[in-house]
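Here are the chains, one letter per residue:
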Amino acid sequence: MAATLTEPTVLAAAKDTLYPDLDTNTDHYAVTETQFTKSSWGGWEIPDDLRRRLAPYNTIRLTDGEPDLLGVGMPALEVLNADATTTPVTVIEAKGHNSDPSAADVRTGINQAHGHLSEVNIGYVAAPIQSITDQARALARDLNIGVIGVESPHDAMLIEPARVTGVGDFSTTIDAIRFQATTHQLTEGSFPVNHPKNYLGYALALAADGGTPDVYSEHVINSVSGGRRGAILLGLVDNQPHGETLTHLGAEVVRFARSHHGTVDAALDEFASWKGRSTPFTDLAPRWAQLARSVAIQYEPTQLIIEALERLHQHGIKPATIDTVVREACRINQPLAVEVFFTQSRREDVLTADGDIDESVLTDPTVYKSGIHFQFKYHLRHIGLLTAGGTDDKDEVLSNNWELNQAVGL
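Calculation criteria
- Residues numbered from 1 in each chain as written.
- Predicted model: local features only at pLDDT ≥ 70, side-chain atom pairs only at ≥ 80, totals over all residues.
- Heavy atoms only, no water.
- Helix = DSSP H or I, 4+ residues; strand = E, 2+ residues; numbered from the N terminus.
- Rg over C-alpha atoms; globule rule 2.2 N^0.38 Å.
- Buried < 20%, exposed > 50% of the residue type's maximum accessible area, 1.4 Å probe, protein only.
- Contact = heavy atoms within 4.5 Å.
- Areas by Shrake-Rupley, 256 points an atom, 1.4 Å probe, with all protein chains shown as cover.
- Lys, Arg positive; Asp, Glu negative; His and termini not counted.
- Charge placed at Lys NZ, Arg CZ, Asp CG, Glu CD.
- Domains from an automatic or database assignment.
- Pairing = 2+ DSSP bridges.
- Expected span 1.5 Å × (residues − 1).
- Phe/Tyr/Trp six-rings, centres within 6.5 Å; stacked < 30°, edge-to-face > 60°.
- Lys NZ or Arg CZ within 6 Å of the ring centre and 35° of its normal.
- Patch = residues over 30% accessible without salt bridge, like charges linked within 9 Å, V, L, I, M, F, W, Y side chains within 5 Å.
- Salt bridge = Lys/Arg side-chain N within 4 Å of Asp/Glu carboxyl O.

*Asks:* Explain the overall build of the protein to me, please; I cannot follow it from the model alone.
*Replies:* From N to C terminus, the protein includes 16 helices and 13 strands. Relative to a compact globule of 410 residues, whose C-alpha radius of gyration would be 22 Å, the protein shows 23 Å and is just as compact. The principal-axis extents of the C-alpha atoms in the protein amount to approximately 70 × 45 × 35 Å. Across the 410 residues in the protein, those meeting the buried criterion constitute 54%. Restricting the contact set of the protein to residue pairs at least 6 apart, pairs at least 24 apart contribute 67%. In the form shown here, the protein has an accessible surface area of approximately 16,900 Å², with 45% of it arising from carbon and sulfur atoms. For the protein, the distance from the average site of its 31 positive side-chain charges to the average site of its 54 negative ones is 4 Å.

Structural data, given as structure tokens:
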């Protein structure tokens, strides 16, 4: 039975139990701390299939330390006070043992999880079930920490439920962590269409009479799912359990359309005339492009890219290449940069076990998400922020220029 319930094994079992539908549920996401990218744990070699279960990885730094896993979305297990939030942020601290599962240090795990509750909504400790004593359960209840008992590498059960906390006074911090975790949506396919009109157009189609998909495909583009996803990412549309609604930003798009075209239908007719046009949006429809620019600049990945380029330009690096942009972006906000730029399947190659960036890998074009160097880069070109669009040719990714049209510091 040696090494069957090591800490990585316990964490994987807990992750699978709390978030069993990560591949299909777009409202759920979980990242594992980079220490688990190690090839061995206390002399025990971590199997490849276990490493895949723990992926993706990122550097997780909270005020009270580094939790083993950060998750977003309501866990599949019972949660007390679950109606307090629809997308809670959760931490898991895992405790295991390489030889004696009953010797796992559950008490320390409970205290570690409790230390994070000022920044998250839910805390759990996961440990071999034989190590969870009545005293540990009592401590967990007192500190509002959920307990997950792991029976085998693939089986775990809820021992003590957790209660949602951290709402109200901590909402700003929680929202920041939630955004950091959910920026994984900027992946291959998240921006399958590269023109900003396609996201503005979805807000208009939602406000128009008739079925949104039909109106959208008739007047904007056929890729309804792509436009919808981009509109949600850019904060124009809110996808609620009862249906899609316009955000304040999306409502402003509708007001702009009525102000400049009279009606939403007239605006959509104008959008229809733009189908298939490759002209930069700033030339095709300057006022709409300015609105799209105002929307995009509120999106944190946009802000990160622009700030990185501003800094590089101030140091005379103009134009820059993607590896240089990424280095600077990591200096600004490494966890966010990792989520924005790197494909999930290559995180282990990019991140060291200490949470640093292995810069030697940055010249490998396959580590980057095509959604960032192709579609989203074209998006930023169309609204006038960048001088050039993107590329989907891996041979050109490293040489493709990143440069601001107007840099503040120059």
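*Asks:* Any chance you could explain the domain arrangement of the protein here in plain terms?
*Replies:* Interface extent is often summarised as the accessible area lost during association of the parts. Domain annotation of the protein identifies domain 1 (7–169), domain 2 (186–298) and domain 3 (300–399). Of note, the centres of domain 1 and domain 2, computed from C-alpha atoms alone, are 39 Å apart.

*Asks:* Explanation requested: the pairing of strand E7 (residues 89–94) in the structure shown.
*Replies:* Within E7, six of the six residues are buried, which leaves the element mostly enclosed by the surrounding structure. Neither face of E7 is exposed, since Val89, Val91 and Glu93 on one face and Thr90, Ile92 and Ala94 on the opposite face are all buried. As paired elements, E7 and strand E8 (residues 122–128) share five bridges and run parallel to each other. Residue pairing in the sheet places Thr90 in a bridge with Ile122 of E8.

*Asks:* Help me understand helix H13 (residues 300–314) in this model?
*Replies:* Think of an α-helix as 3.6 residues a turn; residues three or four steps apart then line up on the same face. Between the first and last C-alpha of H13 there are 21 Å, a value that for 15 residues agrees with the 21 Å anticipated at 1.5 Å per step. Of the residues making up H13, those classed as buried are Pro301, Thr302, Leu304, Ile305, Ile306, Ala308, Leu309, Glu310, Leu312 and His313. A positive phi of about 80 degrees marks Gly316, the residue just after H13.

*Asks:* So what exactly am I meant to see when it comes to the packing of aromatic side chains here?
*Replies:* Between two aromatic rings, the relevant description is the distance of the centres plus the angle of the planes. The tally for this structure, following the rule as stated, stands at nine aromatic pairs. When the centroid spacing of 5.9 Å and the interplanar angle of 80 degrees are considered together, the rings of Phe374 and Tyr378 count as edge-to-face. Taken as a pair, Phe374 and Tyr378 lie in helix H16 (residues 370–382) at a separation of four residues, close to a single helical turn. Given the relative accessible area of 29%, Tyr378 is considered partly exposed. Pairwise contacts between aromatic rings join Phe256, Phe271, Trp274, Phe281 and Trp288 into one cluster. Sitting over the face of the ring of Trp41, Lys38 holds its NZ or CZ atom 5.4 Å from the ring centroid.

*Asks:* Help me out: how do you make sense of a negative patch on the surface in this one?
*Replies:* Residues Asp209, Asp214, Glu218, Asp265, Asp269 and Glu270 make up a contiguous surface patch of negative charge. Looking at the negative patch, the elements that each hand over two or more residues are helix H7 (212–219) and helix H10 (264–273). Locating Asp265 in the fold gives a position in helix H10. In this structure Asp265 comes out as partly exposed when scored by relative accessible area, which is 47%.

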